[in-house]
Amino acid sequence: MKRRRFLAAGASVPLLAGCLGGDDGDSTNTDTTTGTAETTTDTTADGQGSSPRGIYVQPFVENMLMAGTASDGDYRFGVFYTFPHQFWTVTGTERSEHPRTNEQTMHLMASVWDPETGTVLPDTGLSVEITKGGDLVSEEVIYPMFSQRMGFHYGANFELDGNGTYDVTVSVGGMSTRRTGVFEGQFGEPASATVPLELNDRKREQLTTQEIDAAGEPGAVKPMDMDMVPLGRAAAPEDLPGTVRGESRADGVRYVVTTLSDDRFGDGTYVAVSARTRYNALLVPEMGLSGTVERDGEPVYEGAFERTLDPELDYHYGALVDGVESGDTLTLSVDVPPQVARHQGYETAFIGTPSVDIQL
């Protein structure tokens, strides 16, 4: 059954599928830009057939409705919803499909950011409690997620108790990611905020879907343009602080490397790797990244590039090195792929990412 038929069925049918435009590098939009890339298929990806491997244009786009925003402590929260839909979680290098069902009412999403800088905050751990008239409807930890329209966010499908007003309480446990600069000491404490969500026939009718002619081709749809909520977009290379040394791309991830000398990182040369998607420059979080800096064939650094949140560099992967010289080679390797759930268009990407060499 096509999604349009579900929508036409009215309020007696649960809301249906899909997550919900910004440019750097190979940018795309709902008009979509296609590229030359992966052409193999993954026969486990979609109940409607096999999916292309790597980043591909998702089959459709849908709008979403904002329930509202609220603040607590260092955090600002946004709560949204749209049709329930299929997604895939990732544990290590293994994917698990979470199909939509007719019993599900909506796909509930939450974003968390720093209200002062608009910096999106991954790695917080986020749970949702939904009540109606004081009675508990659902309570669970929801998944860190990645989609072409929203970039990084948290989300899950929920079954609600019909129309009415719900209270959605979102809670975070605090970031484990290293923070530097003015972010040091922030975002480490738990926080929670409650947003009311009104579900009725009029709200249901406001949700729409649009199929995409370029579905399945290499590329991506344009991220949403939301005034009230920031997206996790990477800065253009020329806007990064420090000395931009080079860049490379592998498996849909575009690495841009810059070096800085600043006391907030320690005594030495700080090598920062800004990892963003090939299309639309969405920041890629929650990877395990390591690297080797070689000079004249000899390693001058071997080790982890630590996940770090910095007010100037945003979310990135960094290592302190005892000096970097022109002509050094940086080899980056993904030890653990991004541990985030994926929406259609990303479900086969960022797994098995090959190593890359970047001339510094």
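Conventions and cut-offs
- Residues numbered from 1 in each chain as written.
- Predicted model: local features only at pLDDT ≥ 70, side-chain atom pairs only at ≥ 80, totals over all residues.
- Heavy atoms only, no water.
- Patch = residues over 30% accessible without salt bridge, like charges linked within 9 Å, V, L, I, M, F, W, Y side chains within 5 Å.
- Areas by Shrake-Rupley, 256 points an atom, 1.4 Å probe, with all protein chains shown as cover.
- Salt bridge = Lys/Arg side-chain N within 4 Å of Asp/Glu carboxyl O.
- Lys, Arg positive; Asp, Glu negative; His and termini not counted.
- Charge placed at Lys NZ, Arg CZ, Asp CG, Glu CD.
- Helix = DSSP H or I, 4+ residues; strand = E, 2+ residues; numbered from the N terminus.
- Buried < 20%, exposed > 50% of the residue type's maximum accessible area, 1.4 Å probe, protein only.
- Pairing = 2+ DSSP bridges.
- Axes fitted to C-alpha atoms, helices over the stretch in contact; angles between N-to-C directions.
- Polar contact = N/O pair within 3.5 Å; in protein donor to acceptor, adjacent residues only side chain to side chain.
- Contact = heavy atoms within 4.5 Å.
- Core = buried A, V, L, I, M, F, W, Y, C linked by side-chain atoms within 4.5 Å.
- Phe/Tyr/Trp six-rings, centres within 6.5 Å; stacked < 30°, edge-to-face > 60°.
- 1 Å grid on protein atoms, 1.4 Å probe; cavity = no way out; pocket = protein on both sides within 12 Å on 5 of 7 lines; lining within 4 Å.
- Points joined across faces, edges and corners; volume = space filled by probe spheres on them.
- Nonpolar A, V, L, I, M, F, W, Y, C, P; charged D, E, K, R; others polar.

**Looking at a negative patch on the surface**
Thinking step 1. Together, Glu294, Asp296, Glu298, Glu302 and Asp357 make up a negatively charged patch on the protein surface.
Thinking step 2. Following the sequence through the fold, Glu298 ends up in strand E23 (residues 298-310).
Thinking step 3. On the basis of relative accessible area, Glu298 is assigned to the exposed category, the value being 53%.

**A word on the sheet that holds strand E11 (residues 135-141)**
Thinking step 1. Spatially, four strands are ordered E11-E10-E14-E16 in an open sheet, and the strand pairing comes out antiparallel. On the outer flanks of this sheet lie E11 and strand E16 (191-199), each paired with one strand and no other. Pairs of neighbouring strands in the sheet enclose a mean axial angle of 20°, with direction left out of account.
Thinking step 2. Two strands pair when backbone bridges link them, and strand E14 (residues 164-172) and E16 are joined in this way by nine bridges, in the antiparallel orientation. Counted as the bridge partner of Val168 is Val195 from E16.

**Notes on the side chain of Thr119**
Thinking step 1. Looking at the secondary structure, you find Thr119 in the loop between strand E9 (106-113) and strand E10 (126-132).
Thinking step 2. Of the residues examined, Thr119 reaches a relative accessible area of 6% and is grouped as buried.
Thinking step 3. At a separation of 2.8 Å, a polar atom in the side chain of Thr119 contacts the side chain of Thr117.
Thinking step 4. Setting aside residues no more than four positions away along its own chain, Thr119 makes contact with Val112, Trp113, Asp114, Phe183, Leu309 and Asp314.

**A look at the nonpolar core**
Thinking step 1. Ranked by internal contacts, the top residues of the largest apolar core, which has 72 residues, are Leu108, Tyr255 and Phe305.
Thinking step 2. A total of five residues in this core trace back to one element, the largest contributor, which is E16.
Thinking step 3. By size, the runner-up hydrophobic cluster in this structure holds nine residues, among which are Met64, Trp113, Met150 and Met226.

**A word on the pairing of strand E8 (residues 94-98)**
Thinking step 1. Bridging between strand E7 (residues 87-91) and E8 involves five bridges; their strand directions are antiparallel. Note on E8: the bridge partner recorded for Val90 is Arg95.
Thinking step 2. Adjacent in sequence and paired antiparallel, E7 and E8 are bridged by two residues, among which Gly92 carries a positive phi angle near 65°.

**Observations regarding the packing of aromatic side chains**
Thinking step 1. Evaluation of the coordinates by the stated rule reveals eleven aromatic pairs.
Thinking step 2. With a centroid separation of 5.9 Å and an interplanar angle of 90°, the aromatic rings of Tyr301 and Phe305 are classed as edge-to-face. Like Phe305, Tyr301 is buried.
Thinking step 3. In textbook terms, an aromatic cluster arises when at least three aromatic residues are bridged by ring pairs, as seen for Tyr75, Phe77, Phe183 and Phe187.

**Details of empty space enclosed by the protein**
Thinking step 1. The computed volume of the second largest cavity comes to approximately 50 Å³.
Thinking step 2. What lines the second largest cavity is Val120, Pro122, Phe152, Gly232, Leu283, Pro285, Asp314 and Tyr315.

**Quick notes on the pairing of strand E19 (residues 243-250)**
Thinking step 1. In this structure, E19 lies alongside strand E20 (residues 253-260), joined through seven bridges in antiparallel fashion. From the neighbouring strand, Ala250 faces E20, where its bridge partner is Val253.
Thinking step 2. Between E19 and E20, which pair antiparallel in sequence order, lie two residues; one of them, Asp251, sits at a positive phi of approximately 55°.

**Digging into the layout of surface pockets**
Thinking step 1. When its volume is computed, the largest pocket comes out at roughly 200 Å³.
Thinking step 2. For the largest pocket, the lining is made up of 18 residues, of which Thr119, Arg233, Ala235, Glu312 and Asp314 are closest to its centre.
Thinking step 3. By residue class, the composition of the lining of the largest pocket is eight nonpolar, five polar and five charged.

**Here's the deal with the environment of Asp310**
Thinking step 1. By the element assignment, Asp310 lies in strand E23.
Thinking step 2. What Asp310 contacts, discounting residues up to four positions off in sequence, is Thr180, Gly181, Phe183, Arg264, Phe265 and His316.
Thinking step 3. A distance of 2.6 Å separates polar atoms of two side chains, one belonging to Asp310 and the other to Thr180.
Thinking step 4. Polar contacts involving the side chain of Asp310 include one to the main-chain amide nitrogen of Leu313, which spans 3.0 Å.

**A closer look at the environment of Gln148**
Thinking step 1. Inspection of the secondary structure puts Gln148 in the loop between strand E12 (143-147) and strand E13 (151-158).
Thinking step 2. On a C-alpha basis, the gap between Gln148 and Pro223 in space is 6.0 Å, while along the polypeptide they are 75 residues apart.
Thinking step 3. Of note is the side chain of Gln148, whose polar atom sits 3.0 Å from the backbone nitrogen of Val221.
Thinking step 4. A polar contact is formed between the side chain of Gln148 and the backbone oxygen of Gly345, at a distance of 3.4 Å.

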